[in-house]
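Structural description and commentary
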Amino acid sequence: MTDLRFDGQCAVVTGAGGGLGKAYCLFFGSRGANVVVNDLGGALKGDGKSTEAADSVVREIRANGGNAVANYDSVENGDKIVDTAINAFGRIDILINSAGILRDVAFKNMSDLDWDLVMKVHVKGAYKCARAAWPHFRKQKYGRVINTASAAGLFGSFGQCNYSAAKLSQVGFTETLAKEGYKYNIICNVIAPIAASRMTETVMPPDLLENLKPDWVVPLVAVLAHSSNTHETGSIFEVGGGHVAKIRWERAKGALLKTGPSLTAGAILENWTSVNDFSTPEYPTGLADFMSLLEEAQKLKDNESGERVDLSGKVALITGAGGGLGRAYALLFAKHGASVVVNDLINPDAVVQEIQKLGGKAVGAKASAEDGEINVKAAIDNFGRIDILVNNAGILKDKAFTNMDDQQWDQVISVHLRGTYKTTKAAWPYFLKQKYGRIVNTTSTSGIYGNFGQANYAAAKLGILGFSRALAREGAKYNIHVNTIAPNAGTNMTRSIMPEEMVQAFKPDQVAPMVVALCSDKVPQPSTGGLFEVGSGWHARTRWQRSGGHGFPIDVTLTPEAVSKAWNSIVDFSDGRADHPEDGQDGVKSIMKNMRNKSIYEGSPDHEEPHHLANIAAAKKLQAKGSHYSYDDRNVILYNLSLGAKRTDLPLVFESSDSFQILPTFGVIPPFGAEIPWNISDIMPNFSPMMLLHGEQYLEIKKFPIPTAATLVSYPKLVEVLDKGKSAVMITGSSTKVLATGEDVFYNESAVFVRGSGGFGGPGKGTNRGAATAVHQPPKRQPDSVVEEATTDDQAALYRLNGDRNPLHIDPEFSKIGGFKTPILHGLCFFGISGKHVLQTYGEFKNIKVRFAGTVIPGQTLRTEMWKERNLIIFQTKVVETGKLCIAAAGAELRTDGKHSKL
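Values in this document were obtained by computation on a predicted structure and should not be read as measured data. (Residues numbered from 1 in each chain as written. Predicted model: local features only at pLDDT ≥ 70, side-chain atom pairs only at ≥ 80, totals over all residues. Heavy atoms only, no water.)

To continue, consider the overall build of the protein. Counting its secondary structure elements, the protein contains 30 helices and 28 strands. Against the compact-globule benchmark of 29 Å for 903 residues, the protein has a radius of gyration of 31 Å, which places it among compact chains. Seen through its C-alpha atoms, the protein measures out along the principal axes to roughly 95 × 70 × 50 Å. Within the protein, buried positions represent 59% of all 903 residues. Taking the contacts inside the protein whose residues are at least 6 apart along the sequence as the reference set, 75% of them involve residues at least 24 apart. Surface accessibility of the protein: about 35300 Å² in total, with carbon and sulfur atoms responsible for 49%. In the protein, which carries 97 positive and 93 negative side-chain charges, the distance between the mean positions of the two groups comes to 2 Å. (Helix = DSSP H or I, 4+ residues; strand = E, 2+ residues; numbered from the N terminus. Rg over C-alpha atoms; globule rule 2.2 N^0.38 Å. Buried < 20%, exposed > 50% of the residue type's maximum accessible area, 1.4 Å probe, protein only. Contact = heavy atoms within 4.5 Å. Areas by Shrake-Rupley, 256 points an atom, 1.4 Å probe, with all protein chains shown as cover. Lys, Arg positive; Asp, Glu negative; His and termini not counted. Charge placed at Lys NZ, Arg CZ, Asp CG, Glu CD.)

Structure, rendered in structure tokens:
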């Protein structure tokens, strides 16, 4: 098909100094567009400023024959960025909001600065740039907008409550812009990319990043931003690693109950299965027909009451409770026995008195929702605790986007999104301390589906959902449940957008029982992280549905034309492949699976089966250029501490000790990140880094004593590749020498087991290389020596500072991708601890060989069982808590030169 071109158009890309933004700019410049390269030149956390980032991209575009100018403004100054386009090229046709920062931190440690900076760049910045471009788009009746969400926003991510909120806000914002812009031929879409960038390089291993280049994202953006796309708007796409899929909302049939006195929290819980019934779902683009639902509900018989919800002894704080929904919640919580803090900026006292007259307990907190500390203090001062938080406060500042001003934007974001954050932040320490909390946050169908004239409200409300989903992940282990509702009710706030008869018909009392139910202890699993639409007696869960999408071969350059050709497959939800991702692990499942998709396995006539055996033979002959590793006494101490050394172990932690030394298993550290001279994909079919397991490790120490400071150079080589049928084993050797003298210090061999990479006709059995391939079976007698040592909860966090930054060992969300519920300890860490036990018991060894047999969770206790057979120590290591082996068939050969020093 004809190449998609952008001749004569102007594309503005924010955050374009590197990563995705740079890739967009280079592409559009190569396809005829004039490009405005915007980048503040700041650091990843948002501080600093430099012009070089943008300038270097401009130079590259011009060197390739394109046309580009730089802009160095913060995205907060979107008008200046757009002015650059108008002044340089006379127009703007495409806006890609790509700028972003990270301020990752657990919610309990998050500061207002962490929150506000992320909101400023991601939320306010996207608004300011789009708002500045909007008049030009409308005038020329043409515009294309691409906003950027993320998996963290779609599903919530531990330690990223701010980022998750900001990124999901972009979905509500985009859906609203799409509705407002459609008649002016302004097409707006949002992508959730997974790509290598300075923001992801800290949380993904290098081999995975190699297959997640920004180049895989660009072609989808090109198709969405092209003039030929006139109908795909308001859509969400997941993209990365050669896979593209569309995401949409799916709504359960739900439970419709009779309105009135029998509509209780117990009645809803009695019908919980129906609330979550997706057997006949809807795929909505707007709110449900609540008037028809209400008419049906009123015809039903009284509801079965179910088990009564008792909230006696609980303290509930409800924001915006001076009227409307908040008042209804406050009254019902008091009726169920809770003590209630009624927050309202104007008049909380009337509701307080109403509760007290009914025999309930209540106090007022006259403050903004942003004054979270004041609101929570009212609960603590009057009742001594807080158990339940309902974030309900809100305002409307509706205006068509073309007429919206910064004040209208800021006020809505502040009250809804920042107010929810601030009050929750104030309550969080109490929830953590008591290991109990129930939070219900308030989104809106305007946020979920977008709504004309409510770009500010939609962004704020869907941001709340992203915040809630991330918070639910952080709170789960502390028995803190976080759920989100999208209520439909007639209130003073909705009176400005609803006919009065609807305001009267849609009573807040029809929503309140669901809130009480979610704050009880009776919600079936999963009891946290849910999204529910509710009103008119109807209660329904809403979730994501993702198309099966299309996977492109990762060994073929992806083009926009290829994406266009596969479009029907990308957006097809009806072919039986659609799924319902619930978390970050689900979110990247399709992308990870596509890592094994190569054209040679699709029967392509343009490719021949690679000769893996020949490639292996060639790879064995390759010479590494050598990778340097420098260390000093600080690295020595860090390594020793990471293997459990104590402050009293002076030879391990004090550089001035006469016997200062490094634990010998340090030998695995210098070659860890050494550059290999071959491509793993060339020697293994279907290679995927996600299918790789560390199988065995051999270390030989060639220089005693091991230097406590040196610059070393490591030379990796391919030893052999074994074909195990469905799997393969790659053995890599590495010689490590002193750079200055060439003296040998260490020799390592690592065997990695790769699932799905066998069947290439290679040998099934490896060569005998002596100690490096020996398998040591423990004698059939009780161990001669046993050492037990408890690891710490922070063991992996400390060990990773030696160089292995794989997020599998620190990030709960990433460990789930690998199939582990919690981050696991590095194998080379418990290998080192086991080696330390041998050293402490029997003295120095000249080599050590282990087979990894299981996983260790930081905090578990290791038990090393040792048998002495002449100068060989045979050992195995178990996890005491499980009784399972983590190291098996291991052996260490003691030095035979008469030196057997022990620690």
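From this point, the discussion proceeds with the structure in view.
Scanning all chains against the criterion turns up zero disulfides. Free of any disulfide, Cys25 has its nearest cysteine sulfur in Cys10, 10 Å distant. Free cysteine: Cys519, not disulfide-bonded; nearest cysteine sulfur from Cys161 at 18 Å. (Disulfide = S-S within 2.5 Å.)

This paragraph deals with the pairing of strand β26 (residues 861–869). In this structure, strand β24 (residues 785–790) lies alongside β26, joined through six bridges in antiparallel fashion. Of the residues in β26, the one forming a bridge with Glu789 is Leu862. Here eight bridges tie β26 to strand β27 (residues 872–879), and the two strands are oriented antiparallel to one another. Within β27, the position partnered with Glu869 by the bridge is Leu872. The hairpin formed by β26 and β27 contains two residues between the paired strands, and Arg870 there has a positive phi angle of roughly 55°. (Pairing = 2+ DSSP bridges.)

Let's shift gears to the nonpolar core. Formed by 75 residues in total, the largest nonpolar core has its most connected members in Phe173, Phe401 and Trp409. In this view, Phe173 contacts Ala126, Tyr127, Ala130, Asn147, Phe401, Trp409, Ala455, Ala458 and Ala459; residues no more than four positions away in its chain are not counted. Judged by nonpolar contacts, the second largest core, of 49 residues, contains Tyr631, Ile701, Leu825 and Cys829. (Core = buried A, V, L, I, M, F, W, Y, C linked by side-chain atoms within 4.5 Å.)

Turning our eyes to something else, we now look at the pattern of salt bridges. Counted according to the given criterion, the structure contains 44 salt bridges. For Asp410, the salt bridge goes to Lys124, with nearest N and O atoms at 3.2 Å. Within this pair, whereas Asp410 is found in helix α15 (residues 406–434), its partner Lys124 is found in helix α4 (residues 112–140), the two being separated by 286 residues in sequence. With its nearest N and O atoms 2.8 Å apart, the salt bridge here joins Arg781 to Asp784. By sharing partners, the salt bridges in this structure join Asp112, Asp116, Glu370, Glu373, Arg418 and Lys422 into a single network. (Salt bridge = Lys/Arg side-chain N within 4 Å of Asp/Glu carboxyl O.)

As a further point, take the environment of Asp583. Tracing the backbone shows Asp583 in the loop between α21 (567–570) and α22 (584–587). Residue class for Asp583 comes out buried when judged on its relative accessible area of 16%. Ignoring anything within four residues of it in the chain, the contact list for Asp583 reads Phe155 and Arg473.

Turning next to unusual backbone geometry. That bond from Gln525 to Pro526 is cis: its omega, -5°, falls within 30 degrees of zero. Residue placement: Pro526 occurs in the loop between α19 (512–518) and β16 (531–535). Here the bond from Phe704 into Pro705 is cis, since omega is -10°, no more than 30 degrees from zero. Secondary-structure assignment places Pro705 in the loop between β20 (692–701) and β21 (710–723). Residue Asn185 is not a glycine yet carries a positive backbone phi of 60°.

The quantities given are spatial measurements derived from coordinates; they are silent on function.
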